[in-house]
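# Survey of secondary and tertiary structure
Okay, here's what each chain looks like letter by letter:
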Amino acid sequence: MVASESSAVRLRPGPALVACAAIAGVAAVIYFFWLASLTPLGGDRTALLPVVAFGSWATFSVQVPVRHRNFIAGVVLSEIPALVAIVFLSPWQGCLAMAAGHCAVRIGKPLTKSASNVLAYLVSFEVGQLVYHAALHGSSPVSPAGWGAGTATVLAVNVVDFVLLSAIWTIAAIGWSPNFRAIAVQDLLAVAISSLGGLVAVQLVWANTWDIALFVIVLVAIGTAFRGALVSAQRYVNLERLYEATRSLGSLRSTDDVVRAVLSSCEALLGTTTVQLVTGGTSYRLCADGALSASAPSPRTAPVPDDSGSALGGHSSGPLVVLLDKDDARAGYLAVEAQREIGRPDRRFLEALAANAWVALRSAHLHEQLALEASERRHQAQHDALTGLPNRALFSESLNAALAVEGQKVAVMLVDLDGFKEVNDTLGHHTGDSILSQVGQRLAPLAERGWLVSRLGGDEFAVLVPQAPDMPVIKDAADDIVNCIAEPIAVDGLLLDVRASLGVAVAPDHCSDSASLVRHADIAMYAAKRTGGGAHFYDRSEDRSTLRRLRLATELRRAIDGGGLDVWYQPVLNLVTGGVVSCEALLRWEHDQFGPIPPSEFIPVAESGGLIDQLTWLVLTKALRQAKAWQEVVPGLHVAVNLSARNLMSVDIAERLSRELDKSGLDAASLTLELTESSADPQGAERALIDLCDLGVNLSIDDYGTGFSSLSRLKQLPFHELKIDRSFVKEMIRDKGDEAIVRSTIELARSLGRTVTAEGVEDGTTFRHLQSLGCDAAQGYFLARPLPPAQCRDWLVSSAR
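Residues numbered from 1 in each chain as written. Predicted model: local features only at pLDDT ≥ 70, side-chain atom pairs only at ≥ 80, totals over all residues. Heavy atoms only, no water.

## Some thoughts on the overall build of the protein
Stated precisely, the cut-off is as follows: To qualify as a helix, a DSSP run of H or I must reach at least 4 residues; to qualify as a strand, a run of E must reach at least 2; elements of each kind are numbered from the N terminus. The classification of residues rests on relative accessible area computed with a 1.4 Å probe and restricted to protein chains. Under 20% of the type maximum is buried, over 50% is exposed, and intermediate values are partly exposed. The contact criterion used is simple: two residues touch if any of their non-hydrogen atoms lie within 4.5 Å. Methods summary: accessible areas were calculated by the Shrake-Rupley approach with a probe of 1.4 Å, and residue burial reflects only the protein chains presented.
Within the protein, the secondary structure is distributed over 28 helices and 24 strands. For the protein, buried positions account for 48% of its 801 residues. For the protein, long-range pairs separated by at least 24 residues make up 69% of all intrachain contacts whose partners lie at least 6 apart in sequence. Put simply, the protein shows about 36,900 Å² of open surface, and 57% of that area lies on carbon and sulfur atoms.

Structure below.
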């Protein structure tokens with residue numbers, strides 16, 4: 001009989017009842033048409049009926065486990081009492097005894113499954129009776145012919161029983177998948193053992209009816225001992241498997257690997273089976289090809305805790321469900337549907353395996369979390385948080401790796417946004433961040449070419465081109481990048497024009513190491529800035545001047561912080577009275593190595609390096625205090641200080657200047673702020689100019705004539721003075737065009753109600769001609785050179801006498 005199969009199969013009640021009714025009809029037909037007239041061939045020994053019934057119950061209750069490689073076959077020796085019943089009991093007595101024993105075993109089990117098993121065996125028993133009577137041919141049951149008839153009978157009972165049960169399961173079973181190898185082993189073992197045992201029992205009863213009692217005692221003792229030994233051996237095997245499974249689980253670092261190992265261990269223990277591991281809201285199964293399948297868990301396996309709280313048993317027809325954590329059902333469970341009876345040792349093995357699996361799953365989850373966090377930290381350490389592009393660290397690492405490939409040409413492009421600091425300060429950091437983010441998005445598609453696009457910091461981006469193409473191709477790509485950035489950027493409803501300067505250096509053409517390659521690209525980028533932006537290739541002739549510029553940028557900050565800059569003053573004289581009306585504050589820098597650095601060189605360095613604001617306020621602070629002190633010598637003396645466009649972008653310039661005036665004690669009307677035409681023209685500067693005028697300071701348009709201001713715009717600017725650029729004043733005696741410009745400027749200022757000051761007066765003829773034209777004031781080497789504070793004070797004292 002196929003014991004392990006029947007214990008695991010679940011039947012649909014409707015089809016199962018129909019099949020049972022059909023088999024019951026077959027049993028009735030066989031009995032009434034063929035068996036009712038038969039008599040026992042070994043003599044009628046009705047006294048054996050209770051013994052046969054007991055034997056039927058005992059053999060159906062106790063399966064003899066026989067280990068076969070990867071599974072254990074449960075062999076039912078019910079054919080031993082069946083053969084005794086066929087030989088010594090009438091057909092109806094034999095059917096009654098075998099059915100009674102079988103029914104007693106199935107008390108408390110599902111009715112449909114019990115009925116199908118009992119009826120199927122009853123029919124197979126009836127077929128066995130027919131086979132025995134047909135095969136014996138009047139020979140003695142204890143003769144060799146009787147032995148053959150008995151063996152044929154046992155074989156027929158097993159085959160018919162399997163065929164009938166298979167038919168029922170095919171019609172009514174849920175998800176039945178027979179293990180034919182296990183069934184074949186079971187049937188062969190059952191036929192062999194039952195035939196031998198049954199023939200011995202027949203021999204004993206033939207000799208003496210009650211010798212069967214000794215045989216039953218010996219058979220039970222041997223079966224019990226054998227079963228105990230095999231169970232002990234199976235426990236040992238389970239312990240070995242549990243140890244191996246635990247050892248392997250401890251070394252796994254992936255959730256999928258842990259799940260696969262647990263499911264494989266269950267299948268190895270129980271043979272062909274359905275194993276489901278549910279954890280974290282996911283159900284895992286092993287596919288036929290060994291792949292892991294994940295899906296939503298089935299509600300059919302909803303766990304029901306047992307008394308221990310660790311193993312969960314479904315209904316008797318359902319799977320065995322074992323909790324991963326007996327203290328928390330939410331941790332998950334292991335659901336097993338085996339194709340044999342799952343005994344207590346197997347259940348304990350599953351409980352221990354589930355507990356170890358839960359520990360391994362938590363460990364794997366923790367390891368995966370740590371690995372994910374480490375990966376995220378590596379990504380954060382190598383990528384810019386604003387744009388998501390690789391940062392300087394990853395760029396340097398990739399550049400070194402590209403240069404390490406022998407014979408490979410590598411190009412580096414450095415991209416810097418022109419005027420970004422002014423935009424950032426004027427419109428705010430939010431706008432600046434949005435611009436940087438959109439520029440990063442525009443550059444990101446370059447990665448599809450195998451190029452590395454990174455943000456080095458601030459408004460500086462870099463593009464690494466491994467396996468760089470020829471120079472013309474690189475030049476075209478660089479121009480495309482500049483043009484791509486130049487497209488208007490929409491930020492908060494505004495369309496902003498963003499320009500970029502790009503420098504290119506190529507290895508090994510320009511250098512061979514990463515530091516030099518980046519430096520050369522930086523030099524090329526600054527050269528592009530000086531020529532108005534766009535793309536520029538590295539030129540060795542620019543290296544020397546750029547190194548000086550870079551050094552000045554570094555040391556200028558130190559000079560500001562360390563007091564290495566001086567403020568000199570150049571007096572301005574009134575051309576009508578000849579008295580001193582003002583002193584212009586001029587910044588001077590005496591470098592330890594390069595000597596005097598002219599403002600025309602270090603002021604652009606300060607503007608590009610973001611230091612112009614500090615320079616301006618350094619000059620303002622010193623000039624205000626100095627002018628206050630000199631007003632004791634020259635009452636009403638003014639002081640003039642130059643401002644840049646960058647200063648006017650500061651929204652609090654008027655408020656900050658007011659505080660500095662209060663600290664120095666100088667009246668606001670004694671301060672003149674000089675601005676070039678270009679710096680006073682931007683729309684963003686108009687608000688600052690109005691605030692400064694409201695504060696009471698004077699505003700002067702410096703270097704007038706070089707900025708090409710329109711007359712309408714000039715009329716709108718709130719200035720008090722025009723300063724004619726020295727280039728026109730210097731040649732006005734010899735150049736009629738320059739003289740005409742100076743004359744018209746004086747007339748324009750007079751008509752607008754402004755005063756005029758001429759710069760660059762270097763001789764008496766020019767001085768007197770300016771007086772004749774009606775110019776208000778003048779400054780230049782003819783009148784006074786720029787002087788240190790002490791010498792300027794002496795000059796003021798002497799001129800005041």
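## Things to note about the nonpolar core
Put simply, the rule reads: Within this scheme, the nonpolar core is defined by two criteria: the residues are buried Ala, Val, Leu, Ile, Met, Phe, Trp, Tyr or Cys, and they are joined through side-chain atoms within 4.5 Å.
Membership of the largest hydrophobic core comes to 73 residues, with the highest contact counts inside it found for Leu657, Leu671, Leu673 and Leu692. Top contributing element to this core by residue count: helix H19 (residues 612–630), with 10 residues.

## Some points on the pattern of salt bridges
Here is the rule we go by: In the sections that follow, a salt bridge refers to a side-chain nitrogen of Lys or Arg positioned within 4 Å of a carboxyl oxygen of Asp or Glu.
A full pass over the atoms with the stated rule returns 13 salt bridges. The partner of Lys529 in a salt bridge is Asp416, and the shortest N-O contact between them spans 2.8 Å. Placement of the pair is Lys529 in helix H16 (residues 514–530) and Asp416 in strand S9 (residues 410–418), with a sequence separation of 113 residues. You can call Lys529 partly exposed: its relative accessible area is 25%. For Asp416, a relative accessible area of 12% corresponds to the buried category. Two residues, Arg659 and Glu655, come together in a salt bridge whose shortest N-O distance is 3.5 Å. In this pair, Arg659 and Glu655 both sit in helix H21 (residues 653–664), four residues apart, roughly one turn of the helix. Taking the relative accessible area as the measure of exposure, Arg659 reaches 42% and is therefore partly exposed. Since its relative accessible area comes to 52%, Glu655 is described here as exposed.

## Here we look at helix H5 (residues 91–105)
Along an α-helix, residues three or four apart share an orientation, since each turn contains 3.6 residues. This is how the line gets drawn: Here a helix's expected span is defined as the number of its residues, less one, multiplied by 1.5 Å.
Between its first and last C-alpha, H5 extends 21 Å over 15 residues, near the 21 Å set by a 1.5 Å rise per residue. Restricting attention to buried positions, one finds in H5 the residues Pro91, Gln93, Gly94, Cys95, Ala97, Met98, Ala99, Gly101, His102 and Val105. On its buried face, H5 sits against helix H2 (13–35), helix H3 (49–61), helix H4 (79–88) and helix H6 (111–136).

## Some thoughts on the sheet that holds S9
What counts is decided by this rule: By the convention used here, strands pair only if DSSP detects at least 2 bridges between them. Only the stretch in contact is used when fitting a helix axis, every axis being a line fitted to C-alpha atoms; angles between N-to-C directions are given from 0 to 180 degrees.
As summarised here, the arrangement of the five strands in space is S10-S11-S9-S14-S15, forming an open sheet in which the pairing is mixed. One side of each edge strand has no neighbouring strand; the edge strands of this open sheet are strand S10 (452–457) and strand S15 (534–537). For this sheet, the mean inter-axis angle between neighbouring strands, taken without regard to orientation, is 20°. Across nine bridges, the pairing between S9 and strand S14 (residues 499–507) is antiparallel. Considered in S14, the bridge of Val415 is made with Leu502.

## Let's talk about the confidence of the model for the protein
To be explicit about the condition: Every residue gets a pLDDT, meaning the predictor's confidence in that residue, from 0 to 100.
Here the protein averages 81 in pLDDT, and 85% of its residues register 70 or above. When the criterion is pLDDT under 50, residues 307–317 qualifies, and its contacts beyond four places in sequence or with other chains add up to 25 contacts.

## Concerning helix H15 (residues 471–486)
Along its 16 residues, H15 runs 22 Å from first to last C-alpha, staying within 8% of the 22 Å computed at 1.5 Å per residue. When we look at burial in H15, the residues that qualify are Ile474, Ala477, Ala478, Ile481, Val482, Ile485 and Ala486. Along its buried surface, H15 packs onto S9, helix H14 (429–443), strand S11 (460–465), S14 and S15.

## Overview of the pairing of strand S20 (residues 671–676)
Where a strand is regular, its side chains alternate between the two sheet faces. Among the six residues in S20, five count as buried, and that is most of the element. In terms of strand pairing, S20 meets strand S21 (residues 698–704) through five bridges, oriented parallel. Pairing of Thr672 across the sheet is with Asn698, part of S21.

## Overview of the packing of H3 against H5
As a reminder, the rule being used: For a crossing to be left-handed, the near helix must be turned anticlockwise from the far one by less than a right angle; the clockwise case is right-handed. Think of it as three bins: nonpolar holds Ala, Val, Leu, Ile, Met, Phe, Trp, Tyr, Cys and Pro, charged holds Asp, Glu, Lys and Arg, and polar takes everything else, Gly as well.
Two numbers describe how H3 lies on H5: the axes approach to 8 Å, and their chain directions differ by 35°. Taken as a pair, H3 and H5 cross one another with a handedness that is right-handed. Contacts between H3 and H5 pair Leu49, Val52, Ala53, Ser56, Trp57, Phe60 and Ser61 from the former with Gln93, Ala97, Met98, Gly101, His102, Ala104 and Val105 from the latter. Within the contact of H3 with H5, the residues separate by chemical class into nine nonpolar, five polar and no charged.

## A few points about a nonpolar patch on the surface
In plain terms, the rule: Patches draw on residues past 30% relative accessible area with no salt bridge. Two like charges within 9 Å are joined, as are two nonpolar side chains (Val, Leu, Ile, Met, Phe, Trp, Tyr) within 5 Å.
Taken together, the side chains of Val29, Phe32, Phe33 and Trp34 make up a nonpolar region of the molecular surface, amounting to roughly 510 Å² of accessible area. With respect to the element layout, Trp34 can be found in helix H2.

## What about unusual backbone geometry?
Here Ala507 and Pro508 are connected by a cis peptide whose omega angle stands at 5°. Here Pro508 is to be found in the loop between S14 and H16. Phi is positive for Gln467, which is not a glycine, with a value near 50°. In this fold, Gln467 is placed in the loop between S11 and H15.

## Some words on the packing of H19 against H21
Between H19 and H21, the least distance of the axes is 9 Å, while the angle of their chain directions is 35°. When you trace H19 past H21, the crossing you get is right-handed. Here Asp613, Trp617, Leu620, Thr621, Leu624, Arg625 and Lys628 of H19 come into contact with H21, specifically with Ile653, Arg656, Leu657, Glu660, Leu661 and Ser664. Here the residues of the contact of H19 with H21 sort into six nonpolar, two polar and five charged.

## Focus: the side chain of His591
Selection rule: Definition of a polar contact: a pair of N or O atoms within 3.5 Å, with one able to donate and the other able to accept a hydrogen when the atoms are protein atoms, and with sequence-neighbouring residues admitted only if both atoms are side-chain atoms.
Turning to its location among the elements, His591 is positioned in strand S17 (residues 580–591). A polar side-chain atom of His591 sits 3.0 Å from the main-chain amide nitrogen of Gln593. Among residues more than four places away in sequence, those in contact with His591 are Arg551, Leu552, Glu555, Pro596 and Ile597.

## Thoughts on the packing of aromatic side chains
Just so we agree on the cut-off: The pairing test for Phe, Tyr and Trp rings, Trp by its six-membered ring, is centres within 6.5 Å, and the orientation test on the planes gives stacked under 30 degrees, edge-to-face over 60, and tilted for anything in between. Each ring is checked for a lysine NZ or an arginine CZ that lies within 6 Å of its centre and within 35 degrees of its normal; such an atom marks a charge sitting over the ring.
Applying the stated criterion to the full structure yields six aromatic pairs. For the ring pair Phe33 and Trp34, a centre distance of 6.1 Å and an interplane angle of 50° mean the geometry is tilted. In this structure Trp34 comes out as partly exposed when scored by relative accessible area, which is 48%. Across the ring face of Trp451, the terminal group of Arg449 is positioned such that the distance to the ring centre comes to 4.8 Å. Here the basic side chain of Arg785 rests over the ring of Tyr781, its NZ or CZ set 4.0 Å away from the ring centre.

## Digging into the environment of Asp509
Here Asp509 lies in the loop between S14 and H16. The exposure class of Asp509 is partly exposed, given its relative accessible area of 37%. For the pair formed by Asp509 and Val410, sequence separation is 99 residues and the distance between their alpha carbons is 9.3 Å. Asp509 has contacts with Lys409, Met471 and Arg540, leaving out every residue within four places of it along the chain.

## Some thoughts on the side chain of Glu126
When you line up the elements, Glu126 lands in helix H6. Filtering out sequence-adjacent residues up to four positions away, Glu126 remains in contact with Val26, Ala27, Ile30, Tyr31, Leu35 and Cys95.

## Observations regarding the environment of Gly595
Within the secondary structure layout, Gly595 lies in strand S18 (residues 595–597). Exposure remark for Gly595: the relative accessible area of 14% places this residue in the buried category. Not counting the four nearest positions on each side in its chain, Gly595 is found in contact with Trp589 and Glu590.

## As for the environment of Ser248
Residue placement: Ser248 occurs in helix H9 (residues 211–250). A relative accessible area of 31% means that Ser248 is categorised as partly exposed. Counting along the chain gives 14 residues from Ser248 to Val262, while the straight-line C-alpha distance between them is 9.7 Å.

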